[in-house]
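Below are the chains, spelled out letter by letter.
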Amino acid sequence: MARTGIWGKLALVRLLERMPAWVRIALSIASIVLGAVIVIRPTTALDVLALLLGGGMVLTGILSATGRVDEGEGRWRGVLSIGWIVLGVFVLAWPGLTVRAVAIITGVLLLVNGAAGVGTALLKDRGWDDRIADAAFGVTGLIFGVLALVWPDITLLVVAVVFGGSLIIRGIVDLWGAWARTRRRRREEKGAPEASVPKRRWGRAAIAIVSVTATVAFALLTAPLREGSTVVDDFYAAPRSIPHEPGRLIRAEPFTRDVPDKAVAWRILYTTTGVDGRVRAASGLVVVPEGAKPGERWPVIDWNHSTTGFAEHCAPSLQARPFWSAGLYPIKKVLTEGWAIVMTDYIGLGTAGPHPYLFGEASAYASLDAVRAAREIDEAQLSSSTVIWGHSQGGAAALWAGALARSYAPEVWVRAVAAFAPASDPTALVDHVGDVQGGLVFASYAFAAFSDIYPDITYPRYIRPGMQPVLKAMSERCLTDPSMALSVLAVLGTSADPDLFSTNPAYGPLGTRLRENSSPTSLGPPLFLGQGGSDSIVPQTMQDGYVTRVCADAQRLEYRRYAGYEHAQVMETYSPMVADAIAWTHARFDGESANAECSITDVPR
């Protein structure tokens, strides 16, 4: 076919067209190999991934320029080829600077490429084999482009999968074309008839149909990752006028979702003290056993939940299984003991944020104020006698609440504190994020909180450029969100990366704020501390260091280490720690004196 228009005017394209056949075959194989590497290992180091994508873009442009071109295609194929090459060179030259933009640009180019393919199928004087092939390849490109742009977050990780797939398809098609041209040339040399040409071309159409089928299947299989998260309803929106003092009930309504039999529950909105010292709104749940006798009041377990996320929709009270997401697995055992449960969501989960994740004082205030506000529900019949419980993030909140209760909320009679695998040393947790299972996810929540609340703590100051968009995207997902699978994928991929931080988090304003939120070592009320010996999130060695400081302060402590138990496993109903904690709590409610010393016990599996 004659070459006209823009195609004929592009010297680079003409140069590429004159490449020897063996070079085209080598480039096709390179495209397949490179695409396979990107698809199979989309979680390679993100900086390296940007380089792979840049090289793939250049390769796409070259293969587009050297492919079979009909006259009607000449007006756009050259421009697209040059566009891919220019973008690829740009990404290769400045991968750190384009990590945010390359995903969007690649998605747009895939859409344009796909639309051009569909348009080519509509040109005149084309056989049905070519029309079907071009339309199928075009639809494949459109689907890839849409996937790159509409996933929960636009990252290089997502683009790696769709762009890697397009490279594989591009290479297979061009390799097929090179093989077909070689066969045709040999037939012509032997004087063979042309009857086999249509059969040859239907092979390209078959490849195109397979590609679009695989792409549609991929889109359908990954659809759950794009499902919506929980929705924050009007209950959590505080009215314009709220009580001026913390610990007051704003509103309460009956709550039935996942509430155990023979129990009654309410969700509450109440006032508390924020990081800035101002009165803020927080939400929570109150659960009591049925059948309280007149004048009888339930002792209170003030539950501080483990990590659920940083975003507003991550409140446990919003989830389909609120108590499971809050880590309170033995809720039925607690209610069977005749105890009520008051569970805060903390500020910023459910209510307006930001959520002060790992902030000791604000978390303690939300915990204690939930108990004060819940006592305004007359039907709940709550006693002032309270034992504070908490796990992980909530374990640290429980430690802070126990230390601040006497000065902040003296009307809450805190008999004791039970902290289970508490995040007692946020500095150590953040500093060793690479050594902690899933540490990157928790680091994303922590950094989102500290950077939102303190303007001198910024992503550019502490986080490597290639990791900034990944960390921000992670912080927007709850642990129960379907899209959390993307965070898991990113965690696996960054395991081979350099450190998350470009600046040591122990220094500067971040280090100062982290140290300010280390758990207090002198609480006042007796303390039960349970720790899994195989905990991969809050390691036992880290907890041992905290316990050493607690014992040095002469705090009444019963520290029990449960051999073989993981971080969340210690809270399972079968865990010996649950039975120990219930027995220990019973003794406190019954008025028995706790040990006046610091004791450490290893519990075998």
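**With respect to the overall build of the chain**
Tallying secondary structure elements over the chain gives 21 helices and 10 strands in all. In the chain, which comprises 605 residues, the proportion classed as buried is 57%. Counted over contacts in the chain with a minimum sequence separation of 6, partners at least 24 positions apart contribute 78%. Surface exposure of the chain reaches about 25,200 Å², of which carbon and sulfur atoms provide 59%.

**Quick look at the state of the cysteines**
Following the criterion strictly, the structure yields 2 disulfides and no others. Put simply, C551 and C598 are joined by a disulfide, and their sulfur atoms are 1.7 Å apart. Taken together, the positions of C551 in helix 20 (residues 540-552) and C598 in strand 10 (residues 598-603) put the pair 47 residues apart, joining distant regions of the chain. If one numbers only the bonded cysteines of the chain, in the order they occur, the disulfide pattern is 1-2, 3-4.

**Points about the packing of helix 15 (residues 439-453) against helix 17 (residues 468-475)**
When two helices pack together, their arrangement is given by the angle between their axes and by how far apart the axes lie. Viewed as axis vectors pointing N to C, helix 15 and helix 17 meet at an angle of 85°, and their least axial separation amounts to 8 Å. By the angle between their directions, the pair helix 15 and helix 17 is classed as roughly perpendicular. Only L471, M474 and S475 of helix 17 make contact with helix 15, whose side of the interface consists of L440, V441, S444, Y445, F447 and A448. Taken together, the residues of the contact of helix 15 with helix 17 break down into 7 nonpolar, 2 polar and no charged.

**Observations regarding the packing of aromatic side chains**
Counted according to the given criterion, the structure contains 12 aromatic pairs. Pairing F359 with Y454 gives two aromatic rings, centres 5.8 Å apart and planes at 15°, and the pair type is stacked. Taken together, the positions of F359 in the loop between strand 5 (340-346) and helix 12 (360-374) and Y454 in the loop between helix 15 and helix 16 (459-462) put the pair 95 residues apart, joining distant regions of the chain. In this structure, F359 and Y454 share a single accessibility class: buried. An angle of 65° between the planes, with centres 4.8 Å apart, marks the rings of F447 and Y459 as edge-to-face. With F447 in helix 15 and Y459 in helix 16, this pair connects stretches of sequence that are 12 residues apart. The burial state of F447 is the same as that of Y459; both residues are buried. By the ring-pair criterion, three or more aromatic residues cluster together here, those being W339, W389, F420, F528, W584 and F589.

**Looking at the pattern of salt bridges**
Counted by the stated rule, this structure contains 12 salt bridges. Between E376 and R248 there is a salt bridge; the shortest N-O distance is 3.0 Å. With E376 in the loop between helix 12 and strand 6 (382-391) and R248 in the loop between helix 9 (196-221) and strand 1 (249-254), this pair connects stretches of sequence that are 128 residues apart. Take R248: its relative accessible area is 33%, and that puts it in the partly exposed class. With a closest N to O distance of 2.7 Å, D602 and R561 form a salt bridge. With D602 in strand 10 and R561 in strand 9 (residues 557-562), the pair connects residues that are 41 residues apart, well separated along the chain. A relative accessible area of 52% places D602 in the exposed class. What emerges from the salt-bridge pattern is a single network uniting D233, E253 and R267.

**Regarding the confidence of the model for the chain**
Averaged over every residue, the pLDDT of the chain is 83; residues scoring 70 or more account for 80%. The model gives residues 1-9 a pLDDT under 50, and that stretch makes 20 contacts with residues more than four places away or in other chains. Within the model, pLDDT remains below 50 along residues 68-72, and this stretch shows 15 contacts once partners closer than five positions in the same chain are excluded.

**Re a nonpolar patch on the surface**
Nonpolar side chains collect at one region of the surface, where I29, V33 and V37 lie side by side and expose about 230 Å² of accessible area between them. Here I29 is to be found in helix 3 (residues 21-40).

**Examining helix 20**
Between its terminal C-alpha atoms helix 20 stretches 18 Å, which fits the 18 Å expected from 13 residues at 1.5 Å a residue. Buried residues of helix 20: M542, Q543, D544, Y546, V547 and V550, and no others. Buried residues along helix 20 sit against helix 13 (393-408), helix 14 (426-431), strand 8 (527-532), strand 9 and strand 10. After helix 20 finishes, the residue A554 shows a positive phi value of roughly 60°.

Reading guide: rules and limits
Residues numbered from 1 in each chain as written. Predicted model: local features only at pLDDT ≥ 70, side-chain atom pairs only at ≥ 80, totals over all residues. Heavy atoms only, no water. Helix = DSSP H or I, 4+ residues; strand = E, 2+ residues; numbered from the N terminus. Buried < 20%, exposed > 50% of the residue type's maximum accessible area, 1.4 Å probe, protein only. Contact = heavy atoms within 4.5 Å. Areas by Shrake-Rupley, 256 points an atom, 1.4 Å probe, with all protein chains shown as cover. Disulfide = S-S within 2.5 Å. Axes fitted to C-alpha atoms, helices over the stretch in contact; angles between N-to-C directions. Parallel < 35°, antiparallel > 145°, perpendicular 65-115°, else oblique. Nonpolar A, V, L, I, M, F, W, Y, C, P; charged D, E, K, R; others polar. Phe/Tyr/Trp six-rings, centres within 6.5 Å; stacked < 30°, edge-to-face > 60°. Salt bridge = Lys/Arg side-chain N within 4 Å of Asp/Glu carboxyl O. pLDDT = per-residue confidence, 0-100. Patch = residues over 30% accessible without salt bridge, like charges linked within 9 Å, V, L, I, M, F, W, Y side chains within 5 Å. Expected span 1.5 Å × (residues − 1).

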